[in-house]
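# Survey of secondary and tertiary structure
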Amino acid sequence: MSEIVPGADHPIPHDHADDVELYHPHSWITKYVFSQDAKVIGIQYSLTAMAIGLVALVLSWLMRLQLGFPSTFSFIDPPSYYQFITMHGMIMVVYLLTALFLGGFGNYLIPLMVGARDMVFPYANMLSYWIYLLAVLVLVASFFAPGGPTGAGWTLYPPQAILSGTPGGQGWGIILMLVSLALFIIGFTMGGLNYVVTVLQARTRGMTLMRMPLTVWGIFTATVMALLAFPALFVGAVMMLFDRLLGTSFFMPALVEMGQQLRYGGGSPILFQHLFWFFGHPEVYIVALPAFGIVSDLISTHARRNIFGYRMMVWAIVGIGALSFIVWAHHMYVSGMHPWFGFFFATTTLIIAVPTAIKVYNWLLTLWRGDIHLTVPMLFTLAFIVTFLNGGLTGLFLGNVVVDVPLSDTMFVVAHFHMVMGVAPIMVIFGGIYHWYPKVTGRMMNDAMGKIHFWVTFLGAYLIFFPMHYLGLLGVPRRYHEIGPTSFVPDSAETLNAFISVVALVVGAAQMLFLFNLAWSLRRGREAGPNPWNATTLEWQTPQTPPGHGNWGKETPPVYRWAYAYGVPGAARDFIPQNEPPATAAGDGGSG
Amino acid sequence: MAVALILVLVAVGSVAFHLWSPWWSTPIASNWGYIDDTINLTFWITGFVFVVILLFMAYCVLRFRTRPGNRAHYEPENKRLEWWLTGITAIGVAAMLAPGLVVWNQFITVPRDATEIEVVGQQWRWSYRLPGQDGRLGRSDVRHVSAENPLGVDPTDPQGQDDIILDGEDLRLPIDRPVRVLLRGIDVLHNFYVPEFRAKMDMIPGSITYFWFTPTRTGTFEALCAELCGVGHAAMRGRVVVQTQAEYQAWLVGQRTFAELGAAARRAQASAPPPERDRYEEASR
Ligand code: HEM
Ligand SMILES: [Cu+2]
Ligand SMILES: [Cu+2]
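Residues numbered from 1 in each chain as written. Chains lettered and ligands numbered in written order. Predicted model: local features only at pLDDT ≥ 70, side-chain atom pairs only at ≥ 80, totals over all residues. Heavy atoms only, no water.

An unreviewed UniProt entry lists chain B under the name cytochrome-c oxidase, with Plastoroseomonas hellenica given as the organism. Entered under Subcellular location (unreviewed entry) in the UniProt record, the comment concerning chain B runs "Membrane". According to the UniProt record, the Catalytic activity (unreviewed entry) comment for chain B reads "4 Fe(II)-[cytochrome c] + O2 + 8 H(+)(in) = 4 Fe(III)-[cytochrome c] + 2 H2O + 4 H(+)(out)". (UniProt positions renumbered as here; feature names shortened; annotations may be inferred.)

The name an unreviewed UniProt entry assigns to chain A is Cytochrome c oxidase subunit 1, from the organism Plastoroseomonas hellenica. Quoted verbatim from the Sequence similarities (unreviewed entry) heading of the UniProt record, the comment on chain A is "Belongs to the heme-copper respiratory oxidase family." UniProt lists a comment for chain A under the heading Catalytic activity (unreviewed entry), and it reads "4 Fe(II)-[cytochrome c] + O2 + 8 H(+)(in) = 4 Fe(III)-[cytochrome c] + 2 H2O + 4 H(+)(out)".

Laid out in structure tokens, this is it:
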């Protein structure tokens, strides 16, 4: 059988790895500010992403206040509502989730999990963070620019995005947004190349690709996808900047705005949509694949059971990653593109459901006959499965072209994508933070606070987004600051909206508890020790906790087995770390 | 125990909400009952999967919760099980996709006898154009748009002369007659959406898009814009009145054609056509 067959422990020739040349910081500034250590960069990324994420959270409160209690708050008028949804959506998807999963988790975990000393290009890695920070600052600046931020929706569809009927369209808003996105992509590319090269080139002895933890597989595949997808957004952003500033007409046909003939002509608004979604759909999986990977590791560790069907899981990640480049136009079923595309894209989209379902089954089968510890990370994992399953299933509605026709651009879509790419990945982020916090800080997060945070967030988020589907089914469109009196929406929908808004406020407040816990546990948390969860992967086997500069002692750890040796029959303990030599893992039945 | 119970409650609660909450699709008023059927089928299949998986999860949490001395069962793979599950999933997916594609084919195949009408979207209102006596719409182009020709109908096209222009009025349609709705935007994207008709499609400046349907119920229906088009997006409402054949014909004879409107407008403002200003020229001046 091939070497990946779990349990097969191959002795590894004990040769000495060349001492990797590391950059050694000389001062406090180069150690903690302009740091080239991936761990510090990961923390910088995470903190920045959470800070800007808080802005998006506050915006969601404001939107929910407006939707739940229309025309009660005089400071929320239609232009500002559109600015809120745009900034909320863009921040959540790009500046929070992408940055946190790849820049945050990726930087911290990749070198540790593959047994490297650092990223391969530490200097570019440092630049990556600072350019990301600049992108965030430019984005924030647009709140203070004359006319405020853009209100074009996070999809930024032209012609509307650069015309005067949209907030920020003829002002600074759209320019700053596009510049910020371009910066983000430049910064991401520097980090992304690092993650890919590090995974491919800097793995420790014995760490074959098929022994890597699924977290690494998820982040790696997502990074490769992002490197392929972001350029489409980049060129779209640059072309739109040209249209806006230089008067080109890439996306602008001849049009009459408010009775005035504009000097544009010959461009195609649909072209932008293709560019946007060629990025935008893979983006969903850029966020989802790291979540898949992390969840797999959390579930296996906390259920004390090997991940079920590791190879299938790897192939599902890679397969989903590849397929997700040929489904983008399912966001454009009612865009007016050629109707025959509907057949193709509906088919590819529903095919993706199969590998995705396999992942869900394998997580469940990992729970089955496990030894489940209902720790806070495990609870978030369960919540991820519920919300991801729910959102994935409603994806089968929207992917099935003709079913999408009545539902597209309604609150059904809003509910769907929040479930699948809002709530579900956020659950994983929380689970991941509770899980790895002890490694990062040396202390456990407070359990009681964690559980309160979990229950409010999970049940609250479900209560917000599950009923919202039915508003969409009624026909309530998205991106409406109020639906107003209509012939088809019953008054009871108002009550539902108010309910959703109240729950949203509560869920938002619960996040403050999480932030408090983060800070509180830094000093007051229980000492964690090197491996509080009895996990197998390398990051828990570092000589120091938190890991020091260079991660490992004299040598990088040799790897003898896969990452999921939990509950191996005959072994002394219910887990065998990846770097434990076969001799000491007495009689662990590795037959090969 | 509590966790398993809550998982069961989530499953049961979701189904109960689905069955008994007062919020559901608005009653249909077009021939697209097939779309509703496909939605319902999808609800059944996905709902079943959702409940089964949640219950299985609850069972696992209850049954395999850690106990002293317990160890997980070590079983890295089970190829047979994995292939079975893959196969069953593929069948379930195909069971939704196949009817979906069949109905999509109907959705994009316009019947021969469908009447062509036009809906024009601009910030932030709807206008409509109906073919006149000749049953055909004349050519149009945004370059012809002006105060007296708000829809940009080509004044040189004879087929356009008898077109009926409804600007600031409701759209009227006869019941049980298939219509092919041509969609035209003259500034930004819009989307003409009547929830009761189920069909919708974006309008794209520079192109003409379409959908078709047959109204099957008389009454007045609300049209909304379903593609973000600027600050007035939510206020961009219209009305569609579906009438019996007789009522519709009676209304139709009273309507004025493009030629009549144009002549009236030309008489009214014989001089001073509004200047076509160019924003960029103006800005650079
Ligand atoms: C408690 C948490 C959240 C609440 C209450 C919330 C609420 C909302 C609301 C009210 C809208 C506007 C709906 C509309 O009128 O069309 C919206 C839009 C959106 N949200 Fe969230 N949201 C939350 C979390 C998230 C997360 C975690 C993500 C990450 C993916 C996210 C991504 C988006 C996106 C992409 C949009 C669309 C913006 C647009 O239409 O351009 N949201 N959200
Ligand atoms: Cu997509
Ligand atoms: Cu609109």
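Next comes the rest of the write-up.
### Structural notes on the site of ligand 1
Residue and element names in this part refer to chain A. Taken together, 23 residues form the shell around ligand 1, and within it Tyr81, His88, Trp154, His418 and Arg479 come nearest. At 2.9 Å, a side-chain N or O of Arg478 approaches an oxygen atom of ligand 1. The element that contributes the greatest number of residues to the shell around ligand 1 is helix α3 (residues 78-114), accounting for 7 residues. Its residues assigned to classes, the shell around ligand 1 shows 14 nonpolar, 6 polar and 3 charged. (Near = heavy atom within 4 Å. Polar contact = N/O pair within 3.5 Å; in protein donor to acceptor, adjacent residues only side chain to side chain. Helix = DSSP H or I, 4+ residues; strand = E, 2+ residues; numbered from the N terminus. Nonpolar A, V, L, I, M, F, W, Y, C, P; charged D, E, K, R; others polar.)

### Considerations on the environment of Phe499 of chain A
Looking at the element boundaries, Phe499 of chain A is found in helix α14 (residues 492-524). Spatially, the C-alpha atom of Phe499 of chain A lies 9.0 Å from that of Leu463 of chain A, the residues being 36 residues apart in sequence.

### Re the pattern of salt bridges
All chains considered together, the criterion is met by 19 salt bridges over all chains. Where Lys39 of chain A meets Asp37 of chain A, a salt bridge forms, and the shortest distance between an N and an O atom there is 3.2 Å. According to the relative accessible area criterion, Asp37 of chain A is buried, its value standing at 9%. In this structure, the salt-bridge partner of Glu118 of chain B is Arg129 of chain B, at a minimum N-O distance of 2.8 Å. Remark: Arg129 of chain B occurs in strand β2 (residues 125-130) and Glu118 of chain B occurs in strand β1 (residues 115-122); sequence separation between them is 11 residues. (Salt bridge = Lys/Arg side-chain N within 4 Å of Asp/Glu carboxyl O. Buried < 20%, exposed > 50% of the residue type's maximum accessible area, 1.4 Å probe, protein only.)

### Description of empty space enclosed by the protein
In total, this model carries 5 cavities of 30 Å³ or more according to the counting rule given. If you add up the space inside the largest cavity, you get close to 80 Å³. Taken together, 13 residues make up the lining of the largest cavity; nearest its centre are Pro406 and Leu473 of chain A together with Ser25, Tyr193 and Arg198 of chain B. Listing elements by their share of the lining of the largest cavity, those giving two or more residues are α11 (401-407) and α13 (447-474) of chain A together with α2 (33-63) of chain B. Element by element, the count of residues in the lining of the largest cavity is highest for α13 of chain A, at 3 residues. Built from parts of two domains, the lining of the largest cavity gets at least three residues from each of domain 1 (2-64 + 80-108) and domain 2 (115-271) of chain B. (1 Å grid on protein atoms, 1.4 Å probe; cavity = no way out; pocket = protein on both sides within 12 Å on 5 of 7 lines; lining within 4 Å. Points joined across faces, edges and corners; volume = space filled by probe spheres on them. Domains from an automatic or database assignment.)

### Focus: the interface of chain B and chain A
Accessible area lost upon the coming together of the parts is a frequently used measure of interface size. Residue-level contacts link 98 residues of chain B with 126 residues of chain A. Across the chain B to chain A interface the summed buried area is about 9,900 Å²; carbon plus sulfur atoms make up 68%. Together, Trp23, Tyr74 and Trp104 of chain B form the three largest contributors to the area buried by chain B at its contact with chain A, with a combined 8%. The closest approach of N and O atoms between Arg305 of chain A and Glu75 of chain B, which form a salt bridge, is 3.5 Å. The tally of links between chain B and chain A comes to 35 residue pairs in polar contact (both at pLDDT 80 or more). Counting residues per element, the ones that place at least two in the side of chain B that touches chain A are α1 (2-20), α2, α3 (79-108), β6 (190-193), β7 (200-203), β8 (208-213), β9 (219-225) and α7 (279-284) of chain B. The leading source of residues in the side of chain B that touches chain A is α3 of chain B, at 18 residues. Residue composition of the side of chain B that touches chain A, by class: 56 nonpolar, 21 polar and 21 charged. (Contact = heavy atoms within 4.5 Å. Buried area = accessible area lost by both parts, 1.4 Å probe.)

### Overview of helix α4 (residues 122-144) of chain A
Each full turn of the α-helix corresponds to 3.6 residues, which orients residues three or four apart in the same direction. Residue and element names in this part refer to chain A. Over its 23 residues, α4 runs 34 Å from end to end, which matches the ideal 33 Å to within 8%, given 1.5 Å per residue. Every buried residue of α4 is listed here: Pro122, Asn125, Met126, Ser128, Tyr129, Ile131, Tyr132, Ala135, Val136, Val138, Leu139 and Ser142. Contacts made by the buried residues of α4 are with α2 (38-68), α3 and α5 (173-201). (Expected span 1.5 Å × (residues − 1).)

### Some words on the coordination of the copper ion (ligand 3)
When a metal carries six donors in an octahedron, the ideal angles between them are 90 or 180 degrees, while four donors in a tetrahedron ideally lie at 109.5 degrees. Residues and elements named next belong to chain B. Distances from the copper ion (ligand 3) to its protein donors, namely Cys225 (SG), Glu227 (O), Cys229 (SG) and His233 (ND1), fall within the range 2.1 to 2.5 Å. For the copper ion (ligand 3), the 4 donor atoms in the first shell make angles of 91 to 127 degrees at the metal, a pattern classed as tetrahedral. Along the chain, the residues that donate to the copper ion (ligand 3) are spaced as C-x1-E-x1-C-x3-H. Its relative accessible area of 0% is what places Cys229 among the buried residues. (Donors = N, O, S within 2.8 Å, 3.2 Å for Na, K, Ca; no water. Tetrahedral: all angles 85-135°; square planar, octahedral: opposite > 155°, others 65-115°.)

### Here's the deal with the domain arrangement of chain B
All names here are of chain B. Structurally, chain B comprises domain 1 (2-64 + 80-108) and domain 2 (115-271). The C-alpha-based centres of domain 1 and domain 2 are spaced at 39 Å. The interface is formed by 12 residues belonging to domain 1 together with 15 residues belonging to domain 2. When the two sides are added together, the surface that domain 1 and domain 2 hide from each other amounts to roughly 1,200 Å², 51% of it contributed by carbon and sulfur. Summed over the three residues of domain 1 that lose the most area to domain 2, namely Ala29, Asn31 and Phe107, the buried surface amounts to 43% of that side. Where domain 1 meets domain 2, there are 1 salt bridge. For the salt bridge of Arg198 with Asp36, the shortest nitrogen-to-oxygen distance reads 2.8 Å. Put simply, domain 1 and domain 2 have 13 residue pairs in polar contact (both at pLDDT 80 or more) between them. With 3 residues, the single largest contributor to the side of domain 1 that touches domain 2 is α3.

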